[in-house]
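Letter by letter, the chains look like this.
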Amino acid sequence: MKIAVLANGTWDSEWGSKVLKEVDYLICADGGANHAALSGRIPNLLIGDLDSIKPEVLTQCENAECVIERFPCEKDETDLELALINAEEQARLVSERDIWLYGATGGRIDHLMGNMALLLAYARRGYRIHLVDPEHEIWILLGRECIQRLPGQVLSLISLSEKAVVTTEGLYYPLTQGVLLQDSPCGISNVFLGEEVVVEVHSGWVLVVLPK
């Protein structure tokens, strides 16, 4: 079951119509519902203070089989945090550990940095948030993983902890128990030699960024 959250960041409606067709359960954080509507999709759940959603889109949600949870503007959590809390609950019900996050890039840099923090928070709880837009796929890698792409694909590995110990296979610049430091960009812009790369994180938290 593919569970996704749609936030109110930058959105490409044509691209979005394709990716949302693959989503089984869609949660929109406030104005994310505007994006969903542009891509021909009504969310299963709309949540937030609803100060960004267009009135006509709210009416569409009210008339459809969409659960709406409205919160006050003055609250401790952001609308996206509330959406992810519900996504985690839904994932737990179906024993799913992956959650897809759209519309969470572009716009304000503080929002983007906050969203990176949320990826780390959920990784620490055993969930993988895939942050995806038309130009990137981003997630936090734990343990060992095989990643398949075309030769020449760029891949960046960024340590979110003070240091991370990483081994890679199939990259132009290989690492064998290599140390990535939080204050160094040395893991940026590596390249696939073939169609498959193996990355193993021995310790630390590593952000994977795949530009498309």
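These remarks concern the structure in this document. (Residues numbered from 1 in each chain as written. Predicted model: local features only at pLDDT ≥ 70, side-chain atom pairs only at ≥ 80, totals over all residues. Heavy atoms only, no water.)

Focus on the pattern of salt bridges
- Applying the stated criterion across every chain, the model contains 10 salt bridges.
- The residue Glu 88 makes a salt bridge to Arg 92 at a minimum N-O spacing of 3.3 Å. Within this pair, Glu 88 and its partner Arg 92 are both found in helix H4 (residues 79-93), separated by 4 residues, close to a single helical turn.
- The salt bridge involving Glu 88 is made with Arg 125; its shortest N-O contact spans 2.9 Å. Residue Glu 88 is located in helix H4, and its partner Arg 125 is located in the loop between helix H5 (109-124) and strand S6 (128-133); the two are separated by 37 residues in the primary sequence.
- Each of the salt bridges in this network shares a partner with another, and the network as a whole consists of Asp 49, Lys 75 and Asp 79. (Salt bridge = Lys/Arg side-chain N within 4 Å of Asp/Glu carboxyl O. Helix = DSSP H or I, 4+ residues; strand = E, 2+ residues; numbered from the N terminus.)

Details of the pairing of strand S2 (residues 25-29)
- For S2, a buried count of 5 out of 5 residues is recorded, marking the element as mostly surrounded by other parts of the structure.
- The alternating pattern of S2 places Tyr 25, Ile 27 and Ala 29 on one face and Leu 26 and Cys 28 on the opposite face, and all of these are buried.
- Note: strand S1 (residues 3-6) against S2, 4 bridges, orientation parallel. Residue Ala 4 lies in a different strand from S2, and its bridge partner there is Leu 26. (Buried < 20%, exposed > 50% of the residue type's maximum accessible area, 1.4 Å probe, protein only. Pairing = 2+ DSSP bridges.)

Details of the sheet that holds strand S8 (residues 144-148)
- The 4 strands lie next to each other as S8-S13-S10-S11, forming an open sheet whose pairing is antiparallel. For this open sheet the edge positions go to S8 and strand S11 (178-181), each flanked by a neighbour on one side alone. Each strand axis lies, on average, 35° off the axis of its neighbour in the sheet, ignoring direction.
- In terms of strand pairing, strand S10 (residues 163-169) meets strand S13 (residues 196-203) through 5 bridges, oriented antiparallel. Bridged to Val 166 within S13 is Val 201. (Axes fitted to C-alpha atoms, helices over the stretch in contact; angles between N-to-C directions.)

As for the side chain of His 35
- When you line up the elements, His 35 lands in helix H2 (residues 32-38).
- You can call His 35 buried: its relative accessible area is 12%.
- When sequence neighbours within four positions are dropped, the list of residues in contact with His 35 reads Leu 6, Ala 7, Asn 8, Gly 9 and Trp 11. (Contact = heavy atoms within 4.5 Å.)

Considerations on the sheet that holds strand S5 (residues 98-102)
- The strand order S4-S3-S2-S1-S5-S6-S7-S14-S9-S12 describes an open sheet built from 10 strands, whose pairing is mixed. Each of the sheet's edge strands pairs with one partner strand only, and the pair in question is strand S4 (67-70) and strand S12 (190-191).
- With 3 bridges joining them, S1 and S5 adopt parallel strand pairing. Bridging across to S5, Val 5 finds its partner in Leu 101.
- Lying over the sheet, helix H3 (residues 55-63) contacts strand S3 (45-48) and S4, oriented at roughly 125° with respect to S4.

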